[in-house]
Amino acid sequence: MIVAGVMSGTSADGINVALVRINGPARNQVRTPSPHHRIKLLGHAEFPYAPAVRSFILSTMNSARASVANLARLNVLLGELYADAVKKTEGRFRVKAQLVGSHGQTIYHQGEAAAFLGKKLATTWQTGEGAVIAARVGVPVVSDFRPADMAAGGKGAPLVPFLDFLLYRDSRVGHIVQNIGGIANLTAIPAGASQKQVIAFDTGPGNMVIDALTERLFGEPYDRDGQIAALGTVLDPVLAEVLREPFFRRKPPKTAGREEFGREFVDKFIERCGKVNGRDVVATATALTAGSIADAIRRFVLGRRGAYHDFIVSGGGTRNATLMAMLANQLRPLGLQIRSSDEFGLPAEAKEAVAFAVLAYETWHRQASNIPSATGAKRAAILGKISYV
Ligand SMILES: Nc1ncnc2c1ncn2[C@@H]1O[C@H](COP(=O)(O)OP(=O)(O)O)[C@@H](O)[C@H]1O
Ligand SMILES: [Mg+2]
């Protein structure tokens, strides 16, 4: 089956589409997760959001003021944009998808349950209308993957570890797989692990804080190739203080988003840095991403079952050379060597889109695809909602 995976992450930089050929096992013989999937990437394309769309999305995320009418419009607009992106990718690679898996744009995520009007609720909201995508592309669409895991008691994230497990499980060596998008998330798969032994959680900010700072201090949407951070000096006391915050010390499972590392966090971060050169602020934020990843590995991954050697990294953060150099320095003493997901046949920026193709494939076959040890769910759940043509 050929499936198009569509991802638009918390960075709100744009839309990634992956066309994937998936051959699963005979369904009556094997229960998920099956090691027998064959996954082949047929093509991948990226479509940046137009600046006006991006700033509209950023203004709705976590906003106390977003209007209901605008949220309703955004849902349909994104459905149209996702459909355009899928059709363009199909044309470019001359491949027709039979199914689409669309993550949608997260506008709110609260993984931790809290009291609200007499009930304890955790909640999440991904927008981008599946019915519109199905109508435009002409094939069924699976969307809205996270609520089913939350309804089963999970945090609704992370979901990509399902793919990590299929791709990187190994009977002899352990792998740590790290995606650095807006948020950074880690999957650790010990040697010979079953799905239950997979450790996966959000380590903290990926590019989100860096992007916000370059935007505010330099008018740039991100720190291209890490050039700004490269010229700055890391403010070690600020870094140490931030790394002592409760999020970084909290045991997994845990998830993060703009709720934790959005506007408020950035305001406080700038204040903590004091009157210094903007480059130092960006350098310190870059060191925070690298440091929080290394800390998370020391605290929650090493010392548990199995040894690790490869650290396989994906996501837009891989293009930030300063970040990658800081990370390499932090990981070397832990015996970890950074390898790009490209080396394993998946372009670093395509992985999450591939993951949502695979998750859609599972749902289409009525198979569960959350990993309860990663999300904290009480049980396995079939994820998503299906829009038929
Ligand atoms: N050339 C580059 N140099 C530095 N950072 C980059 C570069 N290209 C992309 N990025 C970073 O990657 C981010 C997008 O990463 P992505 O994996 O798409 O995240 P998300 O899943 O949150 O959308 C951008 O916001 C930017 O911070
Ligand atoms: Mg993105």
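Because the structure is a prediction, the values reported are computed rather than measured. (Residues numbered from 1 in each chain as written. Chains lettered and ligands numbered in written order. Predicted model: local features only at pLDDT ≥ 70, side-chain atom pairs only at ≥ 80, totals over all residues. Heavy atoms only, no water.)

**Description of the site of ligand 1**
Then step 1. Taken together, 18 residues are adjacent to ligand 1, and S11, G182, D211, D225 and G316 come closest.
Then step 2. At 2.7 Å from a nitrogen atom of ligand 1 is found a main-chain nitrogen or oxygen belonging to D225.
Then step 3. A distance of 3.3 Å is found between a nitrogen atom of ligand 1 and a backbone nitrogen or oxygen belonging to R319.
Then step 4. Burial of ligand 1 by the surrounding chains reaches 91%, relative to a free accessible area of 570 Å².
Then step 5. Looking at the shell around ligand 1 residue by residue, the class counts come to one nonpolar, ten polar and seven charged. (Near = heavy atom within 4 Å. Polar contact = N/O pair within 3.5 Å; in protein donor to acceptor, adjacent residues only side chain to side chain. Areas by Shrake-Rupley, 256 points an atom, 1.4 Å probe, with all protein chains shown as cover. Nonpolar A, V, L, I, M, F, W, Y, C, P; charged D, E, K, R; others polar.)

**Structural notes on the sheet that holds strand β1 (residues 2-7)**
Then step 1. Strand order in this open sheet of six strands is β3-β2-β1-β4-β7-β13, and the pairing throughout is mixed. With one partner strand each, in any of the chains shown, β3 (38-48) and β13 (385-387) form the two edges of the open sheet. When strand polarity is set aside, the average angle formed by the axes of neighbouring strands in this sheet is 20°.
Then step 2. Pairing geometry for β1 and strand β2 (residues 14-23), over six bridges, is antiparallel. Along β2, the bridge assignment pairs V3 with V20. (Pairing = 2+ DSSP bridges. Helix = DSSP H or I, 4+ residues; strand = E, 2+ residues; numbered from the N terminus. Axes fitted to C-alpha atoms, helices over the stretch in contact; angles between N-to-C directions.)

**A few points about the packing of aromatic side chains**
Then step 1. Under the counting rule described, the total for this entry stands at nine aromatic pairs.
Then step 2. Pairing F261 with F265 gives two aromatic rings, centres 4.9 Å apart and planes at 75°, and the pair type is edge-to-face.
Then step 3. Judged by relative accessible area, F261 falls into the buried class, the value being 2%.
Then step 4. We classify F265 as buried; its relative accessible area is 9%.
Then step 5. Counting every residue linked through ring pairs, the aromatic cluster contains F247, F248, F261, F265 and F269.
Then step 6. Its end group placed over the ring of F247, K254 keeps NZ or CZ at 4.6 Å from the ring centre. (Phe/Tyr/Trp six-rings, centres within 6.5 Å; stacked < 30°, edge-to-face > 60°. Buried < 20%, exposed > 50% of the residue type's maximum accessible area, 1.4 Å probe, protein only. Lys NZ or Arg CZ within 6 Å of the ring centre and 35° of its normal.)

**Brief notes about unusual backbone geometry**
Then step 1. Across the junction of A157 and P158, the peptide omega takes the value -10°, indicating a cis bond.
Then step 2. If you trace the backbone, P158 turns up in the loop between α4 (146-151) and α5 (161-168).
Then step 3. Of note, the bond from P252 into P253 is cis; its omega dihedral lies within 30 degrees of zero at 5°.
Then step 4. Examined against the element boundaries, P253 turns out to sit in the loop between α9 (246-249) and α10 (258-261).

**Quick word on the sheet that holds strand β9 (residues 183-189)**
Then step 1. Read from one edge to the other, the open sheet built from five strands follows the order β10-β9-β8-β11-β12, with strand pairing classed as mixed. Looking along the sheet, the strands with just one partner apiece sit at the ends: β10 (199-205) and β12 (337-340). Pairs of neighbouring strands in the sheet enclose a mean axial angle of 25°, with direction left out of account.
Then step 2. Examined bridge by bridge, strand β8 (residues 174-180) and β9 share six bridges and lie antiparallel to one another. Paired with I176 across the two strands is A188, which belongs to β9.

**Things to note about the side chain of T127**
Then step 1. Looking at where T127 falls in the secondary structure, it is placed in strand β6 (residues 119-127).
Then step 2. On the basis of relative accessible area, T127 is assigned to the buried category, the value being 2%.
Then step 3. Setting aside its immediate chain neighbours within four residues, T127 contacts L71, L74, N75, L78, Y82, G104, Q105 and I107. (Contact = heavy atoms within 4.5 Å.)

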